[in-house]
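# Structure assessment
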Amino acid sequence: MDMSRFRGVMTASVTPVCENGSLDTAAVAALMDYYAENGITGVLWPSSTGEYFAMTAQQRRECVKTAASHNRGGLTILANISEGSLAQAMENARAMADNGADAVVLMPPQFHHHTQDELVEYYTYAADHSPLPLIIYNHMTRLPSKVDIPTVMKLKDHPNLIGIKDTHNDAARLMTLSTLLGPEDEFVIMAGGDGMAGYSAIYHMEMLNALCAIRPDLFVEMYRAGRENNLQKVSQLQQRVNRLMAVFTALKGGKSSAALFSQAVKVALSFKGLCSAKAVQLGYELDEADIANVAKVLEKV
């Protein structure tokens, strides 16, 4: 397998929707072109930033199919198949393969806490039965079950398990993964936290996060600086990314919700004419003050 397709700076994309809640296919196409033109190498559809949890299985499949049909830039398309039910996740995997995805991304089962032995069994079954290469989606801050490092080491040699999207703010964990998983493993580590982008660059990992959609130049430059072992430049760029992270609390006086997290990114992308700020589910009607607050964050970066 050509693992170079799963390397570089990738984005966990928002999901653009129309006023009636249907998928905005024109915006998906525009985003695909925009990502390719700005150095992004792959896109996760629909991500947690993309509000996958608020979408039906059919909406998710339509999202991936639309992205694949407008993939003029040759981006790698990662499809999120996460469900509470493993049977449904496998059904999603088969559908995503039919709709043009290059690989599938799977979170641990949600709601109940699972032991590490159960997670080994879960991911082994998924990798055995997935028609596409499988990537573990480990979200340390939002999910009840976390994939521990020893569990990753048990799973890494499965021929159809090619990597992990690791989302957290734990630099020590990234350093440990980097030490244990060398290039010879051909197991890709995709750092998911925006605040961890600099560490992923220093440790020569890949990036898969939300904010590179807003300022892909910062992340692409940081990735390159890391490969050149230019630690000072990586640090300078990470400081700018840290200021950009203020966008997540720019709406409604700093209120926190999954919808507002996504809407903040959408507002920034709306300035580029790429999509509206409408949430997939719930969310808020945004006023001029909200829009101005996002603009102020971008100006400071």
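Anything mentioned here points back to the structure above.
What you see is a predicted model, and the numbers here were worked out from it, not measured in a lab. (Residues numbered from 1 in each chain as written. Predicted model: local features only at pLDDT ≥ 70, side-chain atom pairs only at ≥ 80, totals over all residues. Heavy atoms only, no water.)

## So, the overall build of the protein
Here is the rule: Strands here mean DSSP runs of E at least two residues long; helices mean DSSP runs of H or I at least four residues long; both are numbered from the N terminus. Only protein chains enter the area calculation, which uses a 1.4 Å probe; residues under 20% of their type maximum are buried, those over 50% are exposed, and those in between are partly exposed. Note on contacts: a residue pair is in contact if any heavy atoms of the two residues lie within 4.5 Å. Surface accessibility in these figures is a Shrake-Rupley result with a 1.4 Å probe; residues are shielded only by whichever protein chains are displayed. We treat Lys and Arg as the positive residues and Asp and Glu as the negative residues; His and chain ends play no part in the count. By convention, the point assigned to a charge is CZ for Arg, NZ for Lys, CD for Glu and CG for Asp.
A count of helical and extended segments in the protein gives 11 helices and eight strands. For the protein, the C-alpha atoms occupy an extent of roughly 50 × 45 × 40 Å along the three principal directions. Residues counted as buried form 55% of the 301 residues belonging to the protein. Here the contacts in the protein between residues at least 6 apart in sequence split such that 72% fall between residues at least 24 apart. Carbon and sulfur atoms make up 50% of the accessible area of the protein, which totals about 12,200 Å². Placing the 26 positive and 32 negative side-chain charges of the protein at their respective mean positions leaves the two points 5 Å apart.

## Things to note about empty space enclosed by the protein
Operational definition: Note on definitions: the grid is 1 Å and covers protein atoms alone; a cavity is a set of points where a 1.4 Å probe fits but cannot get out; a pocket is an open set with protein on both sides within 12 Å along at least five of seven lines; lining residues have an atom within 4 Å of a point. Grid points are joined across faces, edges and corners, and a volume is the space filled by probe spheres set on the points. Residue polarity is assigned by list, with Asp, Glu, Lys and Arg as charged and Ala, Val, Leu, Ile, Met, Phe, Trp, Tyr, Cys and Pro as nonpolar; anything else, Gly included, falls into the polar class.
Overall, the coordinates contain one cavity of 30 Å³ or more when judged by the stated rule. Of the volumes computed, that of the largest cavity is approximately 40 Å³. Every residue lining the largest cavity is listed: Thr 15, Val 17, Gly 21, Leu 23, Met 55, Gln 59 and Val 280. Residues of the lining of the largest cavity, tallied by class, amount to four nonpolar, three polar and no charged.

## Some thoughts on the layout of surface pockets
A volume near 320 Å³ is recorded for the largest pocket. Lining the largest pocket are 20 residues; nearest its centre among them are His 139, Thr 167, Gly 193, Asp 194 and Phe 261. Of all elements in the fold, only strand 5 (134–139) and strand 6 (161–167) reach the threshold of two or more residues within the lining of the largest pocket. Residue composition of the lining of the largest pocket, by class: six nonpolar, 11 polar and three charged. Put simply, the second largest pocket is a space of about 200 Å³. Around the second largest pocket sit 13 residues that line it, and Arg 7, Leu 181, Gly 182, Pro 183 and His 204 are the ones nearest its centre. Tallied by class, residues from the lining of the second largest pocket come to seven nonpolar, three polar and three charged.

## Digging into the state of the cysteines
Filter applied, for reference: Here, the term disulfide refers to a pair of cysteine sulfur atoms separated by no more than 2.5 Å.
Within this structure, the stated rule accounts for zero disulfides. Considering cysteine sulfurs only, Cys 275 is the nearest to Cys 18, which forms no disulfide, with 11 Å between them. On the basis of relative accessible area, Cys 18 is assigned to the partly exposed category, the value being 27%. We note that Cys 212 lacks a disulfide partner, and the nearest cysteine sulfur, in Cys 275, lies 14 Å from it.

## Structural notes on helix 11 (residues 288–300)
In an α-helix, one turn spans 3.6 residues, which is why side chains three or four residues apart end up on the same side. In plain terms, the rule: To estimate the expected span of a helix, count its residues, drop one, and scale the result by 1.5 Å. The arc in question is formed by the directions pointing from the helix axis toward the C-beta atoms. Counted as a polar contact is a pair of N or O atoms within 3.5 Å, where, for protein atoms, one must be capable of donating a hydrogen and the other of accepting one, and residues adjacent in sequence contribute only when both atoms are in side chains.
For helix 11, which comprises 13 residues, the first-to-last C-alpha distance of 19 Å matches the rise-based estimate of 18 Å (1.5 Å per residue) to within 8%. Inspection of helix 11 places Asp 290, Val 294 and Val 297 among the buried residues, and these make up the whole buried set. Angularly, the buried residues of helix 11 cover 55° about the axis, an arc narrow enough to put them on a single face. Residues of helix 11 that are exposed and angled more than 90 degrees away from the buried face: Glu 288, Glu 299 and Lys 300. If you follow the buried residues of helix 11, they end up packed against helix 9 (231–244) and helix 10 (258–270). Capping the start of helix 11, Asp 287 holds a side-chain oxygen 3.1 Å from the backbone nitrogen of Ala 289, two or three residues further along.

## Things to note about the environment of Lys 165
With respect to the helices and strands, Lys 165 occurs in strand 6. Lys 165 sits in the buried class, given a relative accessible area of 3%. Distance in space between the C-alpha atoms of Lys 165 and Gly 193 is 9.6 Å, their sequence separation being 28 residues. Dropping the residues within four chain positions of it, Lys 165 is found in contact with Leu 44, Ile 135, Ile 136, Tyr 137, Asn 138, Met 190, Gly 192 and Leu 208. Here the side chain of Lys 165 touches Thr 167 through a polar contact of 3.0 Å, side chain to side chain.

## Overview of unusual backbone geometry
For His 204, which is not glycine, the phi torsion reads 60° and is therefore positive. For His 204, the position within the fold is in the loop between helix 7 (197–202) and strand 8 (206–209). Judged by relative accessible area, which is 37%, His 204 ranks as partly exposed. Residues other than glycine seldom take positive phi values, yet Leu 282 does so here, at roughly 60°. Checked against the element boundaries, Leu 282 lands in the loop between helix 10 and helix 11. On the basis of relative accessible area, Leu 282 is assigned to the exposed category, the value being 76%.

## A few points about the nonpolar core
Stated precisely, the cut-off is as follows: Grouping buried Ala, Val, Leu, Ile, Met, Phe, Trp, Tyr and Cys residues that are joined through side-chain atoms within 4.5 Å yields what is termed a nonpolar core.
With 86 residues, the main nonpolar core has Tyr 35, Trp 45, Tyr 123, Leu 134 and Phe 219 as its most contacted residues. Membership of the second largest hydrophobic core comes to 16 residues, among which are Tyr 52, Ile 135, Met 190 and Leu 208.

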